[in-house]
Amino acid sequence: MTNSSIILNSPIGKLEFVIIGEAVHQVNLNVDKPEIPPHTEFESEISNQVDGYFSGALKRFTLPTNANVSEFQKRVLQALSNIPYGKTLSYGQLSKIINSSPRAVGGGCRRNPLPIIIPCHRVTAASDIGGFAGKKSGTLVQMKHWLIHHERANY
């Protein structure tokens, strides 16, 4: 099985897509590495879908993924995948959908290995935007603001 990665420029910074075989295994945000352009057909498909998302044309990624996560995490990721483009839910609302607690849902969002592809940015706190990728402020939360605004503007 072939392992590779590509690093793509985006409006929110460089994104690294770690690929195992013909599936995305992990997405790393805000990487500080040189761009690595696609070299295979699958890598080009990733790039095309990322471009489509950031242009507002793509509303749902259709890339195969193979993240290694727990059964609870699979439930969280499936619920995240069902949040429509341009919409948000609170941690509390999502916790009711999967019959869990808001804190557990927050932990599941924080451990999302596939941000952007699986839209954990669409989950907010009841009173504010909440955190992103384990951070409560800074660059990552600014990314979350940008992603929510981008989706609402292209809804």
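Structural data are supplied above this passage.
So, here's what we can say about the structure. (Residues numbered from 1 in each chain as written. Predicted model: local features only at pLDDT ≥ 70, side-chain atom pairs only at ≥ 80, totals over all residues. Heavy atoms only, no water.)

## Section: the packing of helix 1 (residues 41-55) against helix 5 (residues 139-153)
For any two helices packed against each other, one specifies the inter-axial angle together with the distance between the axes. One way to put it is that helix 1 packs onto helix 5 with a least axis distance of 9 Å and a crossing angle of 75°. As the angle between them shows, helix 1 and helix 5 are arranged roughly perpendicular. Judged by residue contacts, Y53, F54 and S55 of helix 1 engage W146, L147, H150 and E151 from helix 5. Here the contact of helix 1 with helix 5 is built from residues that sort into four nonpolar, two polar and one charged. (Axes fitted to C-alpha atoms, helices over the stretch in contact; angles between N-to-C directions. Helix = DSSP H or I, 4+ residues; strand = E, 2+ residues; numbered from the N terminus. Parallel < 35°, antiparallel > 145°, perpendicular 65-115°, else oblique. Contact = heavy atoms within 4.5 Å. Nonpolar A, V, L, I, M, F, W, Y, C, P; charged D, E, K, R; others polar.)

## Remarks on the sheet that holds strand 2 (residues 15-20)
One open sheet accounts for three strands, arranged 1-2-3; its pairing is antiparallel. In the strand order of this sheet, the two ends are held by strand 1 (3-8) and strand 3 (23-28), each with one partner. Strand-to-strand twist of the sheet, defined as the mean angle between neighbouring strand axes without regard to direction, takes the value 25°. (Pairing = 2+ DSSP bridges.)

## Thoughts on the nonpolar core
Of all hydrophobic cores here, the largest spans 40 residues; its most connected members are F17, V24, I46, Y53, F61, L80 and I117. Among the secondary structure elements, those contributing two or more residues to this core are strand 1, strand 2, strand 3, helix 1, helix 2 (71-81), helix 3 (91-97), helix 4 (102-110) and helix 5. Residue contributions to this core peak at five residues, all from helix 1. Apart from residues lying up to four places away in sequence, F17 is in contact with S4, S5, I6, L8, V24, Q26, V27, I46, V50 and I117. (Core = buried A, V, L, I, M, F, W, Y, C linked by side-chain atoms within 4.5 Å. Buried < 20%, exposed > 50% of the residue type's maximum accessible area, 1.4 Å probe, protein only.)

## Points about helix 2
Turning to helix 2, its buried residues are Q73, V76, L77, A79, L80 and S81. Buried residues along helix 2 sit against helix 3, helix 4 and strand 5 (123-124).

## Thoughts on the packing of aromatic side chains
Evaluated as defined, the whole model comprises four aromatic pairs. Between Y53 and Y85, the ring centres sit 6.2 Å apart and the planes meet at 80°, which makes this aromatic pair edge-to-face. Residue Y53 is found in helix 1, and its partner Y85 is found in the loop between helix 2 and strand 4 (89-90); the two are separated by 32 residues along the sequence. Aromatic ring contacts, followed pair by pair, group Y53, F54, F61, Y85 and W146 into a single cluster. (Phe/Tyr/Trp six-rings, centres within 6.5 Å; stacked < 30°, edge-to-face > 60°.)

## Here's the deal with the pairing of strand 3
Where strand 2 and strand 3 come together, five bridges link them in antiparallel fashion. Among the inter-strand pairings, V18 is bridged to a residue of strand 3, identified as Q26. Here strand 2 hands over to strand 3 after two residues, with G21 in that stretch at a positive phi of 65°.

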